[in-house]
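Here is what each chain is made of, one letter per residue.
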Amino acid sequence: QVQLVESGGGLVQAGGSLRLSCAASGRTFSSAAMGWFRQVPGKEREFVAAIGQSGARIYYADSVKGRFTISRDNAKNTVYLQMNSLKPEDTAVYYCAATWRYYGAPRNTRDYDSWGQGTQVTVSS
């Protein structure tokens with residue numbers, strides 16, 4: 001059984017930084033493409049960033065490009081999301097996701113098999 005556990009969320013002022021972590025267990029982490037998504041109440045879950053199995057393929061949503069960095073440590077079964085220059089519009093619940101069905105860095109929620117419980121990120125103005 002796959003488990004994804006996010007951590008690192010919290011309250012930060014605009015312009016600040018946070019680093020989210022997602023620890024995976026239950027299946028071979030290095031074979032999974034990993035993604036970060038976010039959701040605010042009343043809206044659909046949206047893509048933030050994704051990273052392929054080796055880390056060579058990475059995609060970002062336009063809204064976070066240049067501010068967020070996704071990375072992974074296959075030895076620690078962990079994927080990270082470094083978030084800099086945070087804006088109030090980044091406020092959301094952030095979810096980690098994993099898929100073993102695709103090679104690369106999928107950007108659609110339907111392409112992912114397993115999800116974490118989410119971690120709240122709140123950016124105050």
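Just above, that's the structure.
Residues numbered from 1 in each chain as written. Predicted model: local features only at pLDDT ≥ 70, side-chain atom pairs only at ≥ 80, totals over all residues. Heavy atoms only, no water.

Turning our attention to the state of the cysteines. Applying the stated criterion across every chain yields a total of one disulfide. A sulfur-sulfur distance of 2.0 Å marks the disulfide that ties Cys22 to Cys96. As the torsion about the S-S bond is roughly -75 degrees, the Cys22-Cys96 disulfide counts as left-handed. Pair noted here: Cys22 is in strand β3 (residues 18-25) and Cys96 is in strand β9 (residues 92-99), with a separation of 74 residues, a long-range link. According to the relative accessible area criterion, Cys22 is buried, its value standing at 0%. Overall, Cys96 belongs to the buried group, its relative accessible area being 0%. (Disulfide = S-S within 2.5 Å. Helix = DSSP H or I, 4+ residues; strand = E, 2+ residues; numbered from the N terminus. Buried < 20%, exposed > 50% of the residue type's maximum accessible area, 1.4 Å probe, protein only.)

When you tally the buried positions in strand β5 (residues 46-51), you get five out of six residues, the bulk of the element. Alignment of strand β4 (residues 33-39) against β5, held across five bridges, turns out to be antiparallel. Directly across from Phe37, in β5, lies its bridge partner Phe47. The hairpin formed by β4 and β5 contains six residues between the paired strands, and Gly42 there has a positive phi angle of roughly 85 degrees. Relative to strand β6 (residues 58-60), β5 runs antiparallel, the two sharing three bridges. The partner of Ile51 across the bridge, within β6, is Ile58. Remark: six residues form the turn of the hairpin made by β5 and β6, two consecutive strands paired antiparallel; Gly55 in that turn has positive phi of roughly 90 degrees. (Pairing = 2+ DSSP bridges.)

The strand order across the open sheet built from four strands is β1-β3-β8-β7, with neighbouring strands paired in antiparallel fashion. Only two strands of the sheet have a single neighbouring strand rather than two, namely β1 (3-7) and β7 (68-73). Ignoring which end each strand starts from, the neighbouring axes of this sheet average 15 degrees apart. As judged from the six bridges shared by β7 and strand β8 (residues 78-83), these two strands associate in the antiparallel manner. If you follow Ser71 over to β8, its bridge partner there is Tyr80. (Axes fitted to C-alpha atoms, helices over the stretch in contact; angles between N-to-C directions.)

For Asn77, which is not a glycine, the phi torsion comes out positive at approximately 55 degrees. Structurally, the position occupied by Asn77 is in the loop between β7 and β8. One non-glycine residue, Ser85, lies in positive phi territory at about 50 degrees. As for its placement among the helices and strands, Ser85 is situated in the loop between β8 and β9.

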